[in-house]
Amino acid sequence: MIITMKEPDLQPYKLSVFDLNDENLSTYEFWTVEDTKWMQYALALAQRGAEFGEVPVGAVLVCDQKIIGQGFNEPIGRHDATAHAEIIALRAACLQLNNYRLPLGTTLYVSLEPCTMCVGALIHARVDRLIYAASEPRAGMVGSQMNLPVQPFYNHHIQVYKGLCSEHSSHILKSFFRKRRQAAKKNKGSTKTL
C-alpha cells in the first residue's frame, strides 16, 4: 500500500488509476505506510528529547521492519557533543548487533537533515537508506549546504529521501525554540526586577 502526501497538507491522498498522469505525479511524493510509521516513531522520539530540554531530533534505525537502534538528541544530558540522535541510534544498533557495520537494507529515519558528523557516521556504518523529515538550511549536509552522500570519494553511498512529515517536524522544532526564547525573555525580565 502506498500513501501519497502533498506538502504542506500532510493528510493522505489516494490516487486512482485515472489520476496517474504526468502533471499529477510531478507534484506528489510517494511514501509507503511503513516509511510513514517509522518517521512518526522518529518524531515521537524527537518530542521525547524536547521534554528533556534537548533540541527535538529523533532517529530510528530499521532493518527488516524491526527497530535495531533508536535515539534522540542528548548532548546536554550526556555532556557529549557527539550525542546527536543519529549517533545514539547507530551506537545502540552496533551494540545490539555486535558489529560496527549495519546489515544490508538498513534505513535511518530522522526528523531533521543530518550534519557533517552524522553523515560521516552513517556512511561508515553502511546505512543503505536515509529518510529525513525537515531540512536544516544552516548546517544540513544532505542537500542544504552540501550533499555529502553523493560525493565520489566515499566508498559507500546512501539513498537519500527527504520531506516525509517535514511540516510536523518543523512544527516541533519551531515550537521548541519559541518556548526556549520565551523562557529566556522571562528570565531576563525577572533578573532586572531584582
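From a predicted model like this one, the values you see are computed outputs, not experimental measurements.

1. Re the overall build of the protein
Then step 1. Looking only at helices and strands, the protein has six helices and seven strands in total.
Then step 2. Helices and strands in the protein line up, N terminus first, as β-α-β-α-β-β-α-α-β-α-β-β-α.
Then step 3. Scored against the burial criterion, the 194 residues of the protein give a buried share of 41%.
Then step 4. Across the protein, every contact between residues at least 6 apart in sequence was considered, and the portion connecting residues at least 24 apart equals 60%.
Then step 5. When the accessible surface of the protein is totalled, it reaches about 11,300 Å², and 56% of it is carbon and sulfur.

2. Re the packing of aromatic side chains
Then step 1. As enumerated under the stated definition, the model contains four aromatic pairs in all.
Then step 2. With centroids separated by 5.9 Å and ring planes inclined at 5 degrees, the aromatic side chains of F52 and F72 adopt a geometry described as stacked. You can see F52 sitting in the loop between helix 2 (33–51) and strand 3 (58–63) and its partner F72 sitting in strand 4 (residues 66–72), a full 20 residues away along the chain.
Then step 3. When its relative accessible area of 52% is taken as the criterion, F52 is described as exposed.
Then step 4. Seen in terms of ring centroids, F176 and F177 are 5.2 Å apart; in terms of plane orientation they differ by 80 degrees. Their pairing is edge-to-face.
Then step 5. Of the residues examined, F176 reaches a relative accessible area of 11% and is grouped as buried.

3. Structural notes on helix 4 (residues 85–97)
Then step 1. In this model, helix 4 (13 residues) spans 18 Å end to end at C-alpha, consistent with the 18 Å of a helix rising 1.5 Å per residue.
Then step 2. Restricting attention to buried positions, one finds in helix 4 the residues A85, E86, I87, I88, A89, L90, A93 and C94.
Then step 3. Turning to helix 4, the residues buried within the fold contact strand 3, strand 4, helix 3 (75–78), strand 5 (107–112) and helix 5 (116–125).
Then step 4. The first or second residue beyond helix 4 is N98, which carries a positive phi of 55 degrees.

4. Thoughts on the pattern of salt bridges
Then step 1. Tallied over the entire structure, the rule returns three salt bridges.
Then step 2. Linking E74 and R78 is a salt bridge whose minimum nitrogen-to-oxygen distance equals 3.3 Å.

5. Regarding a positive patch on the surface
Then step 1. There is a patch of like positive charges on the surface, built from K174, R178, K179 and R181.
Then step 2. Relative to the elements of secondary structure, K174 occurs in helix 6 (residues 166–192).

6. Some thoughts on the sheet that holds strand 3
Then step 1. Pairing is mixed in the open sheet, where five strands are placed in the order 4-3-5-6-7. A single partner strand is all that each edge strand has here, and the edge strands are strand 4 and strand 7 (159–162). Averaged over all adjacent pairs, the angle separating strand axes in this sheet is 15 degrees, with direction ignored.
Then step 2. As paired elements, strand 3 and strand 5 share four bridges and run antiparallel to each other. The residue bridging V60 from the neighbouring strand is Y109, located in strand 5.
Then step 3. With respect to the sheet, helix 2 is in contact with strand 3, strand 4, strand 5 and strand 6 (129–134), its orientation differing from that of strand 3 by roughly 145 degrees.

How each quantity is defined
Residues numbered from 1 in each chain as written. Predicted model: local features only at pLDDT ≥ 70, side-chain atom pairs only at ≥ 80, totals over all residues. Heavy atoms only, no water. Helix = DSSP H or I, 4+ residues; strand = E, 2+ residues; numbered from the N terminus. Buried < 20%, exposed > 50% of the residue type's maximum accessible area, 1.4 Å probe, protein only. Contact = heavy atoms within 4.5 Å. Areas by Shrake-Rupley, 256 points an atom, 1.4 Å probe, with all protein chains shown as cover. Phe/Tyr/Trp six-rings, centres within 6.5 Å; stacked < 30°, edge-to-face > 60°. Expected span 1.5 Å × (residues − 1). Salt bridge = Lys/Arg side-chain N within 4 Å of Asp/Glu carboxyl O. Patch = residues over 30% accessible without salt bridge, like charges linked within 9 Å, V, L, I, M, F, W, Y side chains within 5 Å. Lys, Arg positive; Asp, Glu negative; His and termini not counted. Charge placed at Lys NZ, Arg CZ, Asp CG, Glu CD. Pairing = 2+ DSSP bridges. Axes fitted to C-alpha atoms, helices over the stretch in contact; angles between N-to-C directions.

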